[in-house]
Amino acid sequence: MVQPIRTVGIIGAGQMGSGIAQVCALAGMDVLLHDISEEKIKAGIATVGYHLAKQVAKQHITQEQSAEALARLRPAVGLSDLAPSDLVIETATEDEELKAALLSEVSKSLRPDAIIASNSSSISITRLASATDRPEQFIGIHFMNPVPAMQLVELVRGIATGEPTFEVARDFVQRLGKTTTVAEDFPAFIVNRILMPMINEAIYTLYEGVGTVEAIDNAMRLGANHPMGPLQLADFIGLDTCLSIMQVLHDGLADSKYRPCPLLVKYVEAGWLGRKTQRGFYDYRGEKPVPTR
């Protein structure tokens, strides 16, 4: 019998990890947050505090709810400090080798009945599960970014994922007040299988000189009623993440339509990764974002 989720361990205190920590703590779960350094963990907890304060200011939650959520959040300096977790969610960079190493290592510290999940947005859940000592208790729980605002969570079963693990994961997502969609374990699942080729095509449209950054984003905002233009969205996601997902699609499905645009590769090579580095398809170093092409 799989235990209900009371304590959630999170590997990675960045944008995704801190967002998942926030929604879990607000839903009444204890959260253990791990990263490669104490500074990164402190920064992640500070980010949660900042966003909770904004929710209080907007009267979405009370000051008491914010304080209680922050009190449930504790640092886990080593992976072994995640031992009390009922569920561990890995949110590391979209790099299969790194994820597999972390998942293999954390498995050694967990109770036999604990569940492990990956927040991977594209990598095979079956392959990641094989890096652990419990493939039956491994599942993909893919949150959308930004986690507190986005309603959808993709649940992805690996070939070995057991039904009890799936049921617990689905209940866990429902407790967070979010909606699940179930995706098969194919490269990039549902959302990114559709979204990333669209972003890649927008970059090709720029690369081939069909339109400027501004023209392409305005066209999709006003012509297709998208809340954000595809190049603006790519900057928000991170161009390195977009490239990683396109490479997973291209390698996994062996279809030339998933070939990453050379311009995307060039931006990543330049270290222009979008908002997080202050430059991508827009330059964010001034008062207003300015297109870079």
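Before going into details, it helps to say that this report is about the structure given with it. Quick caveat: nothing in here was measured; it's all calculated off a predicted structure. (Residues numbered from 1 in each chain as written. Predicted model: local features only at pLDDT ≥ 70, side-chain atom pairs only at ≥ 80, totals over all residues. Heavy atoms only, no water.)

### Focus: the packing of helix α8 (residues 213–223) against helix α9 (residues 230–237)
Put simply, the test is: Geometry is summarised by axes, namely lines fitted to C-alpha atoms with helices restricted to the contacting stretch, and by angles between N-to-C directions that run from 0 to 180 degrees. Comment: elements are numbered from the N terminus, with helices defined as DSSP H or I runs of at least four residues and strands as E runs of at least two. Small angles under 35 degrees read as roughly parallel and large ones over 145 as roughly antiparallel, with 65 to 115 read as roughly perpendicular and the rest as oblique. Any pair of residues with heavy atoms lying within 4.5 Å of one another is described as a contacting pair. In this classification, Asp, Glu, Lys and Arg are treated as charged, Ala, Val, Leu, Ile, Met, Phe, Trp, Tyr, Cys and Pro as nonpolar, and every other residue, Gly included, as polar.
Viewed as axis vectors pointing N to C, α8 and α9 meet at an angle of 100°, and their least axial separation amounts to 7 Å. Classified by the angle between their axes, α8 and α9 sit roughly perpendicular to one another. Taking contact as the criterion, the partners of Val213, Ile216, Asp217, Met220 and Arg221 in α8 are, on α9, Pro230, Leu231 and Gln232. Tallied by class, the residues present in the contact of α8 with α9 amount to five nonpolar, one polar and two charged.

### Considerations on the nonpolar core
Put simply, the test is: Only buried Ala, Val, Leu, Ile, Met, Phe, Trp, Tyr and Cys residues count toward a nonpolar core, and they belong to the same one when joined by side-chain atoms within 4.5 Å. Each residue's exposure class comes from its accessible area (1.4 Å probe, protein chains only) as a fraction of the maximum for that residue type: buried when under 20%, exposed when over 50%, partly exposed otherwise.
Val8, Cys24, Leu87, Ile89, Ile141, Phe143 and Phe172 are the most contacted members of the largest nonpolar core, which totals 35 residues. By residue number, the principal contributor to this core is helix α1 (residues 15–26), which donates six residues. Ignoring any residue separated from it by four or fewer positions in sequence, one finds leucine 87 in contact with Ile5, Thr7, Val8, Gly9, Ile115, Ala117, Ile141 and Phe172. The next biggest cluster of nonpolar side chains, apart from the first, holds 26 residues, and it includes Ile216, Leu243, Ile245 and Phe281.

### Some points on unusual backbone geometry
For the bond from asparagine 145 to proline 146, the omega torsion is 0°, close enough to zero to count as cis. Here proline 146 lies in the loop between β6 (138–143) and β7 (152–157). Phi at alanine 188 takes a positive value of approximately 70°, unusual for a residue other than glycine. By relative accessible area, which is 0% here, alanine 188 ends up buried. You will see that phenylalanine 189, though not glycine, has its phi angle at about 60°, which is positive.

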